[in-house]
Amino acid sequence: MAEKKLNYYEILEIYPAATQEEIDSAFRLMLYKYHPDHNPDKPDWAHERTSQAVEAYKILSDPMRRKIYNFIIAASLKTAVPERSFGIFNMGDKKKYEGSAILFKEGVSLFDTNKAEALTRFQQAYGAFKMAETVYNMGVIYTLINKLSEALHAFREAAKLEPKNTQYARIVDKCQELMRELDKARGSR
Amino acid sequence: MAKIIGIDLGTTNSCMGIMEDRRLLVIPNDEGFRTTPSVVAFTKEGGLLVGNAAKRQQVMNPENTIFSVKRFMGRKFNDKVVANDIKLLPYKLSPAPNGDLRIEVFGRAYSPPEISALILMKLRKDAEAYLNEPVDKAVVTVPAYFNDSQRQATKDAGKIAGLDIVRIINEPTAAALAAGFDSKTKMKVAIYDLGGGTFDVSILKLGQGIFEVMSTSGDTHLGGDDFDQAVIDWLVAEFYKTDGIDLRGDRVALQRLKDAAEKAKINLSTLESVEITLQFIAVTKEGPKHLQAVLTRSKLEELTRAIAESTAIPCEKALVDAGLRPSEVDEVVLVGGQTKMPLVREVVKKMFRKEPYLGLNPDEAVAAGAAHQGSVLKGDIRDILLLDVTPFSLGIRTEGGIFSKIIEKNSSIPTRKSEIYTTTKDDQSFVRIEVFQGEKPMATDNKAIGTFELVGIPPAKKGAPKIEVMFDIDANGIIKVSAKDQATGKEQAIKITPDSGLTTGEVDTMKNDIGKDFADKISKGAAGAAKQEYKAAPGAGASDEGLPGEASSEQGKKRSIFDIFKKKEG
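None of the values given here were measured: they were computed from a predicted structure.

Rules of the game
- Residues numbered from 1 in each chain as written.
- Chains lettered and ligands numbered in written order.
- Predicted model: local features only at pLDDT ≥ 70, side-chain atom pairs only at ≥ 80, totals over all residues.
- Helix = DSSP H or I, 4+ residues; strand = E, 2+ residues; numbered from the N terminus.
- Rg over C-alpha atoms; globule rule 2.2 N^0.38 Å.
- Buried ≥ 20, exposed ≤ 12 C-beta atoms within 10 Å, placed from the backbone.
- Contact = placed C-beta atoms within 7 Å.
- Pairing = 2+ DSSP bridges.
- Axes fitted to C-alpha atoms, helices over the stretch in contact; angles between N-to-C directions.
- Parallel < 35°, antiparallel > 145°, perpendicular 65-115°, else oblique.
- Left-handed = near helix turned anticlockwise from the far one by under 90°.
- Nonpolar A, V, L, I, M, F, W, Y, C, P; charged D, E, K, R; others polar.
- Core = buried A, V, L, I, M, F, W, Y, C linked by C-beta atoms within 7 Å.
- Expected span 1.5 Å × (residues − 1).
- Domains from an automatic or database assignment.
- pLDDT = per-residue confidence, 0-100.

Asks: I'm lost on the overall build of chain A in this one. Help?
Replies: Scanning chain A for helices and strands turns up 9 helices and 0 strands. Ordered by position from the N terminus, the helices and strands of chain A form the series α-α-α-α-α-α-α-α-α. Computed over C-alpha atoms, the radius of gyration of chain A comes to 21 Å, more than 25% over the 16 Å expected from 2.2 N^0.38 for 189 residues, which places it beyond the range of a compact globule. The dimensions of chain A, computed from C-alpha atoms along their principal axes, are 70 × 40 × 25 Å. The buried share of chain A, taken over its 189 residues, is 33%.

So, in structure tokens, the structure goes:
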């Protein structure tokens, strides 16, 4: 696909802060415009557009799913680890770092096809040499496979390793907030 | 553009409608009735009867009168459902060479779609006569739980009948659509559908045009016929008490009892008491005997209370499956003629703790929804949106036989979804994509609906190739699956057609044969004679349905010894 993959908000042409009513009416508008029943002359285009809108609406119209989705788009995978220089007396660490970086790359390339294998690689990479990016990616995968408490633990670890990185701190906050809301939603059910 | 009619092709009765100038018009059959029994009969004289005429001779000609054919649509002969029914049916079922089910009449085997096609042809013919123009397109409804092959069999029936089924929609969805619950408000609706022979209850979640079926439940052998049977049993017992004669062995008497019981039941929905008179019901040495009985509404309710109350159990199950309390259901819509009975409404009210929605005629609600949808497809109506949902999850078999779901049950259609898979062996040059439908974790526990292979994958380590498997379901529910190797761009796709059922060739042959049969034999049948017996004005009020008009003198002697009603003041 040459086109950039749009996120659900972009598909429905709304702002991420849109209210439920705005989401509903945006979806209706999309259906009027794109539904194949209304576009018998271009069925493929209509099917594609409608399918996208339906998928986006399915997630965004459910408050809990929307919160999780918001969190997932905020927590995107790190695709590279930074270069590091090691002093002459730290050749052992350098080796560990290089091994870890290879495993990290494998994890990244496996991410699309096999989340479980990718997670194993990141875990191995983290075992070999502790880097914030690696443990953060583990958190991303835990989030996607719906293991939020493991995810939170991983994000905290990343934040501990790089206390100055505000992104990690933000993710930890967001993750905690999401978990609180999920608990509340479960409790009220 | 040609007209698109809406057809509720029911197990017991069928109904059709069309939108004209944005108003619903229920199309009556050639006898003026707004519903047509889904019954096909082959007479000993070589005639063919469909509808009311077939139903009227059902008890006297049971081996050759096919009813409830809908139960067998898209089913195999060795299906559990079939094994249960076969014992109860007076007509004969047999297996086809490919394991499909056939119905045998006078030595000829008919597929269920062929019998359905005969009903559709009759409906089509009546619609054409009434509208005075050709009709070749229809929206047809099916139960929400119908699977792919059952839906496909319904489409085949249309093809055999020469009717293009432009869309299949779920019955509860159609009823909700007819009630006008389509649009902005989000709500949860229970559809309580008590028909002639089946009971279905569905809980729908509506909003923004999406009609999500949250749960369905029911009883495939519970319906108006059971209420009739309770009345027949009572009449037989009463007659035995007064005259000492058991009528159960006499087919002609039973047919008359059945007709009389149904009519008494229908009238008791509005009247407090009816008198049932069947003259010359039996003949003894002393002379002819007449059956005369007074049935009150309270007696009818006493006879049928247990049947009516048994519908509460599936309702409860549907609520539990949907995860709802009765108070969380916003509206209850009644569908099916039997729901006109006050006792049934009372049971519904008790179950859901609210008055049912009264804006619809229960006999016509489903056909009305189908007609609405026909109008949308024709382009006449733009403000009604209907997004149906897939009734089952879809996915493929992956390593270890695990079923990997790609499209979850209850996804709105149209939909497109893809997942990326990879190889499990080094230098694997092809992948076999096996498509399954169902909810079980192991693939083989679900229904296999198609298989294809993607070949020519360049040699690579296992796990390296990226193969995108994409599922497309269009607005008609037709499934397309494709697999694409992202490295080479090579792509392979299939359109899923059910593995059982009829081939295109078979459908074409049947279309010719059945079409010819219908044209040749329908006029030969007793339809003409029967027609004179029952006359009701087209568009007669709903409460008159299934009832002939008052006996008029020119309808002759035969009419007078048939069922006669005297209405009593309530």
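Asks: Can you help me understand the overall build of chain B in this one?
Replies: Counting secondary structure elements, chain B contains 14 helices and 27 strands. Relative to its full complement of 570 residues, chain B shows a buried share of 48%. A sequence separation of at least 24 residues applies to 68% of the contacts in chain B between residues at least 6 apart.

Asks: Any chance you could explain the sheet that holds strand β5 (residues 40–42) of chain B here in plain terms?
Replies: By way of backbone hydrogen bonds, the strands of a sheet pair with one another, either parallel or antiparallel. Residues and elements named next belong to chain B. Pairing is antiparallel in the open sheet, where 3 strands are placed in the order β6-β5-β7. If you trace the sheet from one side to the other, it starts and ends with β6 (48–50) and β7 (65–66), each paired once. Looking at chain direction, β5 and β6 are connected through 3 bridges and run antiparallel. Counterpart to Phe42 in the pairing with β6 is Leu48.

Asks: Is there a simple way to explain the packing of helix α6 (residues 115–128) of chain A against helix α7 (residues 132–144) of chain A in this structure?
Replies: Relative orientation and spacing of two packed helices are given, respectively, by the angle between their axes and the distance between those axes. Residue and element names in this part refer to chain A. At a minimum axis distance of 9 Å, the contact between α6 and α7 shows a crossing angle of 155 degrees. Judged on the interaxial angle alone, α7 and α6 are roughly antiparallel. Crossing hand, α6 versus α7: left-handed. For the pair α6 and α7, the contacting residues are Lys115, Ala118, Leu119, Phe122, Gln123, Ala125 and Tyr126 in the first and Thr134, Val135, Asn137, Met138, Ile141 and Leu144 in the second. Across the contact of α6 with α7, the residue classes tally to 9 nonpolar, 3 polar and 1 charged.

Asks: Got a minute to help me understand the sheet that holds strand β26 (residues 491–495) of chain B in this structure?
Replies: A sheet is described by the order of its strands in space; here 4 strands give the open sequence β21-β24-β25-β26 (chain B), paired in antiparallel fashion. Two strands lie at the open edges of the sheet, namely β21 (415–421) and β26 of chain B, each paired on one side alone. Taking each pair of neighbouring strands and ignoring which way they run, the sheet shows an average axis angle of 15 degrees. Direction of pairing for β21 of chain B relative to strand β24 (residues 467–473) of chain B: antiparallel, over a ladder of 7 bridges. Its bridge partner lying in β24 of chain B, Thr415 of chain B is registered against Ile473 of chain B. The strands touched by helix α3 (residues 43–60) of chain A within the sheet are β21 and β24 of chain B, with β21 of chain B carrying the most contacts at an inclination of about 80 degrees.

Asks: Please clarify how the nonpolar core should be interpreted in this entry.
Replies: A general tendency of soluble globular proteins is for nonpolar side chains to be buried together. In terms of nonpolar packing, the biggest core is built from 163 residues, with Leu12 and Ala53 of chain A together with Ile5, Ala175, Ala176, Ile191 and Val333 of chain B touching the most fellow members. If we skip the residues at most four places from it in the chain, Val333 of chain B touches Ala175, Ala176, Ala179, Val189, Ile191, Tyr357, Leu360 and Ala365 of chain B. Ala101, Phe104, Phe129 and Ala159 of chain A belong to the second-largest nonpolar core, a separate cluster that totals 31 residues.

Asks: Looking at this structure, I do not really get helix α12 (residues 504–521) of chain B. What am I missing?
Replies: Helix length check: α12 of chain B, at 18 residues, gives a terminal C-alpha distance of 25 Å against a target of 26 Å (1.5 Å per residue), a fit within 8%. The inward-facing, buried residues of α12 of chain B contact β6, α3 (112–131) and α4 (148–160) of chain B.

Asks: What should I look at first to understand the pairing of strand β14 (residues 199–207) of chain B in this one?
Replies: Side-chain direction in a regular strand flips from residue to residue, so the side chains alternate between the two faces of the sheet. All names here are of chain B. The buried count for β14 comes to 8 of 9 residues, which makes it a mostly enclosed element. Judged from the 8 bridges that link them, strand β13 (residues 187–194) and β14 form a sheet pairing that is antiparallel. Pairing of Lys188 across the sheet is with Lys205, part of β14. Here β13 folds back onto β14, and the loop between the two strands holds 4 residues. Direction of pairing for β14 relative to strand β15 (residues 210–219): antiparallel, over a ladder of 9 bridges. Within β15, the residue paired with Lys205 across the bridge is Glu212. Adjacent in sequence and paired antiparallel, β14 and β15 are bridged by 2 residues, among which Gln208 carries a positive phi angle near 55 degrees.

Asks: Whenever I open this one, the pairing of strand β1 (residues 4–9) of chain B confuses me. Can you help?
Replies: Residues and elements named next belong to chain B. Among the 6 residues of β1, 6 are classified as buried, and the element is accordingly described as predominantly covered. Covered by surrounding structure in β1 are Ile4, Gly6 and Asp8 together with Ile5, Ile7 and Leu9, the residues of both alternating faces. Sheet topology note: the β1/strand β11 (residues 137–142) ladder contains 4 bridges and is parallel. Its bridge partner lying in β11, Ile7 is registered against Val140. Strand direction decides the pairing type here: β1 and strand β2 (residues 13–20), joined by 4 bridges, are antiparallel. Bridge assignment links Leu9 to a residue of β2, and that residue is Ser14. Adjacent in sequence and paired antiparallel, β1 and β2 are bridged by 3 residues.

Asks: I keep staring at the interface of chain B and chain A and nothing clicks. Help me out?
Replies: The partner chain A presents 19 residues to the 19 residues of chain B that form the contact. Those elements that place two or more of their residues in the side of chain B that touches chain A are α11 (365–378) and β21 of chain B. Of all the elements, β21 of chain B adds the most residues to the side of chain B that touches chain A, at 4 residues. Split by residue class, the side of chain B that touches chain A holds 8 nonpolar, 6 polar and 5 charged.

Asks: Help me understand the domain arrangement of chain A, please; the structure alone is not making it clear to me.
Replies: A common measure of how large an interface is: the accessible area buried when the components associate. Parsing chain A into structural domains produces domain 1 (8–61) and domain 2 (78–188). Computed over C-alpha atoms only, the centres of domain 1 of chain A and domain 2 of chain A are separated by 34 Å.

Asks: Looking at this model, I keep getting lost on the confidence of the model for chain A. Mind explaining?
Replies: Interpreting fine coordinate detail is not advised for predicted regions of low pLDDT. Scored by pLDDT, chain A has a mean of 87; 97% of the residues are at 70 or more. Helix α1 (residues 8–11) of chain A holds the highest mean pLDDT among the elements of chain A, 93, whereas helix α9 (residues 166–188) of chain A holds the lowest, 86.

Asks: Sorry if this is basic, but what is going on with the environment of Lys511 of chain B here?
Replies: All names here are of chain B. Locating Lys511 in the fold gives a position in helix α12. Note on Lys511: 17 C-beta atoms within 10 Å, which makes it partly exposed. Taking the C-alpha atoms as reference points, Lys511 and Thr216, 295 residues apart in sequence, are found 34 Å from one another. With residues up to four places along the chain from it excluded, the contact list for Lys511 reads Lys159, Ile160 and Gly162.

Asks: Just to check I follow, could you spell out the confidence of the model for chain B for this structure?
Replies: Residue and element names in this part refer to chain B. Here chain B shows a mean pLDDT of 86. Residues at 70 or above account for 90%. Counted against residues more than four places away or in other chains, residues 525–570, with its pLDDT under 50, gives 68 contacts. For this predicted complex, the interface confidence score (ipTM) comes to 0.74, while the overall pTM stands at 0.79.

Asks: Where do I start with α7 of chain A in this structure?
Replies: Working note: α-helix, 3.6 residues per turn, so residues spaced by three or four point in the same direction. Residues and elements named next belong to chain A. Taking 1.5 Å as the rise per residue, α7 with 13 residues should run 18 Å; its terminal C-alpha atoms sit 19 Å apart, in good agreement. Most of α7 is tucked away: 12 of the 13 residues are buried. Residues of α7 that are buried include every one of Ala132, Glu133, Thr134, Val135, Tyr136, Asn137, Met138, Gly139, Val140, Ile141, Tyr142 and Thr143, and no others. Looking at the residues trailing α7, positive phi occurs at Asn146, about 70 degrees.

Asks: Would you mind going over the packing of helix α5 (residues 171–178) of chain B against α11 of chain B with me for this structure?
Replies: All names here are of chain B. For the pair α5 and α11, interaxial distance at closest approach is 7 Å and the crossing angle is 80 degrees. When the interaxial angle is binned, α5 and α11 end up roughly perpendicular. Between α5 and α11, the contacting residues are Glu171, Thr173, Ala174, Ala175, Leu177 and Ala178 on the first element and Ala365, Val366, Ala368, Gly369, Ala370, His372 and Gln373 on the second. Of the residues belonging to the contact of α5 with α11, the class tally is 8 nonpolar, 4 polar and 1 charged.

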